[in-house]
Amino acid sequence: MPENPVESKPDDAMGAIAAPPRRSEWRRFVRVFFGRKLYLIGFIIVAIIVFTAIFAPLLTSYNPEKNDLPARLQTPNAEHWLGTDQMGRDILCRIIYGTRVSLIIGFSAVFASTIAGTIMGLAAAHYGGWVFAVIMRVADVLMALPAIILMMLIAGMLKGGGIWIVVFALGFGGIAPMCRMMCGQALSVKQNDYVMAARAVGMSNWRIMWTQIFPNAYPPLIVGLTMGIGGVVLGEAGLSFLGIGVQAPTPSWGGMVMDGQRFLLTNPLLSLMPGLAIMLLVFGFNMVGDGVRDAIDPRLRGVI
Amino acid sequence: MALLDVQELQTYFHTEYGLVKAADKVTFHVNEGEIIGLVGESGCGKSVSILSVMRLIPSPPGETVGGKVIFEGKDLLKYQPNGREMRAIRGSKLTMIFQEPMTSLNPVLTVSRQLTETLELHLDMDKRAARERAIELLRMVGVPDAPRRIDDYPHQFSGGMRQRVMIAMALSCNPAIIFADEPTTAVDVTTQAQLLELMKDLVTRLNTSLVIVTHNLGVVARYAERIYVMYAGRIIESGRSEDIFGHPRHPYTVGLLNSVPRLGERHGTRKLIPIYGLPPNLINMPQTCAFLPRCTEKIGKCEKEPWPELRAVGDDHYISCYVDIKGK
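Just so you know, these numbers come straight off a predicted model, no measurement behind them.

Colleague: Describe the overall build of chain B, with residues and values.
Modeller: A count of helices and strands for chain B gives eleven helices and twelve strands. A compact globule built from 328 residues should have a C-alpha radius of gyration of about 20 Å, and chain B, at 21 Å, falls within 12% of that. Per-residue burial for chain B yields a buried fraction of 47% across its 328 residues. Intrachain contacts of chain B at a sequence separation of at least 6 include 63% that bridge at least 24 residues.

Colleague: Break down the environment of Ala22(B) for me, with residues and values.
Modeller: Residues and elements named next belong to chain B. With respect to the element layout, Ala22 can be found in strand β2 (residues 18–30). Look at Ala22 and you get buried, because 25 C-beta atoms sit within 10 Å. Spatially, the C-alpha atoms of Ala22 and Ser47 are 9.4 Å apart, while their sequence positions differ by 25 residues.

Colleague: So what's going on with the confidence of the model for chain B? Which residues, and what values?
Modeller: All names here are of chain B. When the pLDDT values of chain B are averaged, the result is 86; 99% of them are 70 or greater. Of all the helices and strands in chain B, helix α11 (residues 300–304) carries the lowest mean pLDDT, 83, while strand β9 (residues 226–231) carries the highest, 92. Across the predicted assembly, pTM comes out at 0.75 and ipTM at 0.80.

Colleague: Give me the sheet that holds strand β5 (residues 74–75) of chain B: which residues, what numbers.
Modeller: If you trace the four strands from one edge of the open sheet to the other, you get β2-β1-β4-β5 (chain B), paired in antiparallel fashion. Of all the strands in the sheet, just β2 and β5 of chain B have a single pairing partner and so form its edges.

Colleague: Quick one: what's the story with the nonpolar core, residue by residue and with numbers?
Modeller: Nonpolar side chains tend toward joint burial in soluble globular proteins. In this structure, Phe179(B), Val211(B), Ile212(B) and Val229(B) are the most contacted members of the largest nonpolar core, which totals 164 residues. Top contributing element to this core by residue count: helix α4 (residues 91–127) of chain A, with 14 residues. Ignoring sequence-local partners within four residues, the contact set of Val229(B) consists of Val39(B), Gly40(B), Ile235(B), Ile236(B), Glu237(B), Ser238(B), Ile244(B), His250(B), Tyr252(B) and Thr253(B).

Colleague: I'd like to hear about α4(A), residue by residue, with values.
Modeller: Along an α-helix, residues three or four positions apart point the same way, because every turn accommodates 3.6 residues. An ideal rise of 1.5 Å per residue puts 54 Å on 37 residues; α4(A) measures up with 52 Å between its terminal C-alpha atoms. Positive phi shows up at Gly128(A), right after α4(A), with a value of about 60 degrees.

Colleague: Quick rundown of the interface of chain B and chain A? Include the residues and the values.
Modeller: At the interface, 35 residues of chain B touch 26 residues of chain A. Those elements that provide at least two residues to the side of chain B that touches chain A are α2 (84–89), α3 (111–123), α4 (127–140) and α5 (146–149) of chain B.

Colleague: Lay out the packing of α4(A) against helix α5 (residues 129–144) of chain A in plain terms, naming residues and giving numbers.
Modeller: Residues and elements named next belong to chain A. Interhelical geometry of α4 versus α5 gives an angle of 145 degrees and a closest axis separation of 7 Å. Between α4 and α5 lies a crossing of left-handed hand. Judged by residue contacts, Met120, Ala123, Ala124 and Tyr127 of α4 engage Gly129, Val131, Phe132, Ile135 and Met136 from α5. Of the residues belonging to the contact of α4 with α5, the class tally is eight nonpolar, one polar and no charged.

Colleague: Which residues make up the sheet that holds β9(B), and what values go with them?
Modeller: Residue and element names in this part refer to chain B. Reading across from one edge, β6-β7-β8-β3-β9-β10-β12-β11 is the order of the eight strands in this open sheet, with mixed pairing throughout. Every interior strand has two partners, whereas the edge strands, β6 (94–97) and β11 (311–314), have only one. Each strand axis lies, on average, 25 degrees off the axis of its neighbour in the sheet, ignoring direction. Taken together, the four bridges between strand β3 (residues 35–39) and β9 define a ladder with parallel strand orientation. Bridging from a neighbouring strand, Gly37 pairs with Ile227 of β9. Helix α1 (residues 46–53) rests against β3, β7 (177–181), β8 (209–214) and β9 of the sheet, and its axis sits at about 145 degrees to β8. Contacting β6 and β7, helix α6 (residues 159–171) runs over the sheet at an angle of about 175 degrees to β6.

Colleague: Explain helix α11 (residues 253–261) of chain A to me, using residue names and the numbers behind them.
Modeller: Burial of α11(A) is extensive: eight of the nine residues sit out of reach of the surface. If you check which residues of α11(A) are buried, you get Trp253(A), Gly254(A), Gly255(A), Met256(A), Val257(A), Met258(A), Asp259(A) and Gly260(A).

Colleague: So, the pairing of β2(B): which residues are in play, and what are the values?
Modeller: Consecutive residues of a regular strand have side chains that alternate between opposite faces of the sheet. Strand direction decides the pairing type here: strand β1 (residues 4–15) of chain B and β2(B), joined by nine bridges, are antiparallel. Its bridge partner being in β2(B), Val6(B) is matched across the sheet by Phe28(B).

Colleague: Any chance you could break down the environment of Leu210(B) for me, citing the residues and the numbers?
Modeller: All names here are of chain B. Mapped onto the elements of the fold, Leu210 is located in strand β8. Leu210 sits in the buried class, given 26 other C-beta atoms within 10 Å. Separated by 54 residues in the primary sequence, Leu210 and Gly264 have C-alpha atoms spaced 28 Å apart. The contact partners of Leu210, leaving out residues within four places of it in the chain, are Ile35, Ile178, Ala180, Met199 and Val203.

Colleague: Could you give an account of the confidence of the model for chain A, naming the residues involved and the relevant values?
Modeller: The share of residues in chain A with pLDDT of 70 or more is 88%, and the mean pLDDT across the chain is 81. Here residues 1–21 of chain A scores under 50 on pLDDT; set against residues more than four positions off or in separate chains, the count is 32 contacts.

Colleague: Outline unusual backbone geometry, listing residues and values.
Modeller: All names here are of chain B. The backbone of Arg55 sits at a positive phi, close to 60 degrees, despite the residue not being glycine. Among the secondary structure elements, Arg55 is positioned in the loop between α1 and β4 (62–71). Looking at Arg55, the number of C-beta atoms within 10 Å reads 24, which means it is buried. A positive phi is found at Glu182, a non-glycine position, where the angle reads about 45 degrees. Tracing the backbone through its elements, the reader meets Glu182 in the loop between β7 and α7 (189–206). We classify Glu182 as partly exposed; it has 19 C-beta atoms within 10 Å.

Colleague: So what about the environment of Val110(A)? Which residues, and what values?
Modeller: All names here are of chain A. With respect to the helices and strands, the residue Val110 is situated in helix α4. What makes Val110 buried here is the crowd of 26 C-beta atoms within 10 Å. Sequence separation between Val110 and Ile229 is 119 residues, and the spatial gap between their C-alpha atoms is 6.0 Å.

Conventions adopted
- Residues numbered from 1 in each chain as written.
- Chains lettered and ligands numbered in written order.
- Predicted model: local features only at pLDDT ≥ 70, side-chain atom pairs only at ≥ 80, totals over all residues.
- Helix = DSSP H or I, 4+ residues; strand = E, 2+ residues; numbered from the N terminus.
- Rg over C-alpha atoms; globule rule 2.2 N^0.38 Å.
- Buried ≥ 20, exposed ≤ 12 C-beta atoms within 10 Å, placed from the backbone.
- Contact = placed C-beta atoms within 7 Å.
- pLDDT = per-residue confidence, 0-100.
- Pairing = 2+ DSSP bridges.
- Core = buried A, V, L, I, M, F, W, Y, C linked by C-beta atoms within 7 Å.
- Expected span 1.5 Å × (residues − 1).
- Axes fitted to C-alpha atoms, helices over the stretch in contact; angles between N-to-C directions.
- Left-handed = near helix turned anticlockwise from the far one by under 90°.
- Nonpolar A, V, L, I, M, F, W, Y, C, P; charged D, E, K, R; others polar.

Take a look at the structure:
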């Protein structure tokens, strides 16, 4: 609050006798996160992707959904930098708009599954007994089904192929791994003396769960979250490739790969370019995930 | 009237191998402003007794099956271990200092957060007041530069300093009794002495009772006013500190005192005599005295009769033994 607003953490902002912390948490985050080239590259990729998604209409003058049959299956040229598909739509334009679809699906599905998985995992670990048994057995059943089958099942049952149905299918598939990871983390954190100490000062179960266990258990969650975005984008591509994901004419990278495979020998760019976009996005988010983990984990403080 | 009156406390653990009577008919009391020592070897039930009083025994496998814990006229064993009433007492009136200062503080929360948490929880303080009080507490326990240090994380503190933070946490709500479970075992001797002096000072000043659980006889000799000696889940001798150290009456206590060196004793004047054998395995114990296999004073009655109850052998001096060693 007073001299250096950046350096005082929210808790202490109220402090009457605000002691100046010696090193700002934020600066440490920046130092660790941007201090390594790989994380920086990942961050730049993600930044470019997010930028592309937001400003898509400014980056291309074509309409991603409008057919132009006379101009179909062109190889790269001055007008269509990456060529056109079998409907005559500009590939670059569709990749640019596809970023939006991928990111919306990626973020929503991962956030939904993270929130649900975290609550389930924490509750299972902390309350134990029948709560643990029920939650973990449900998670086991979900894990036993191959992810793609589960997603196909849900996407197939909820006909329509809209973006939100894909989000639901992918998000639902992501709950079980999140829940298991959180539960494992919480079970090991629970063994610590400070949890007993928290009990000894009279904290309730609920409070211990959120103030003691969660803050110690969540670093892998951040990694899981960012990497999960990559995974979900892959999943969406898979579903679209199989024809049960986002339906035409909405531009989706997975759908574009599928559309292009028929022309793989004559015009490989059709499949290659959206595939490359998927790869870059997954790589970028994985790198950012690693960077964030290293930067926020207080147990690594002082080591890096 | 004692501040805390523990009567025939029984805490059992159900293990795969059988029943473990970790605390068996443990009876002790704590008066206001008194320093009590609870002594015994590892695994004799000291910590279990304390944790039972605090209702912190993990269940399963543990279970407090009998006895009474009377605090402020109420039996704490009647409450739910994690219920509202018990939580209101824990951390405010009855507090604990744990053995391991390195792991008893949450590594991801600042010291300030951990100290103010208790204050906000029990005393309904707002953030500003809690912070001021936390700084005051840190000063009290001798953390230098408290206003700056309070925003540090536990890993930025040394072991001794962390234990001071733990003491500050235990003191924060002006408790009636502090249970210190081997508070100085994990720190070096110099720090140990500092911490004990500090605790004695603070509890005397604040008129708080202190229960020191330890296997270190030197610690209790210097600080405790009354001592309870435990063996295999039972209290086998209790009395005033000077009586226990001056005129021990139970063969185990005698053996214990014979086996430790004393400061100021000239080399060679007294031979240290160990207690032979090992403490018994607590699983499915026989009815007879648990110390019997190691006892040098046993008589025929010991083999046949069950482990005797505590009996008075002097003014406020009790032993649970058929033999009474006088004048040793």
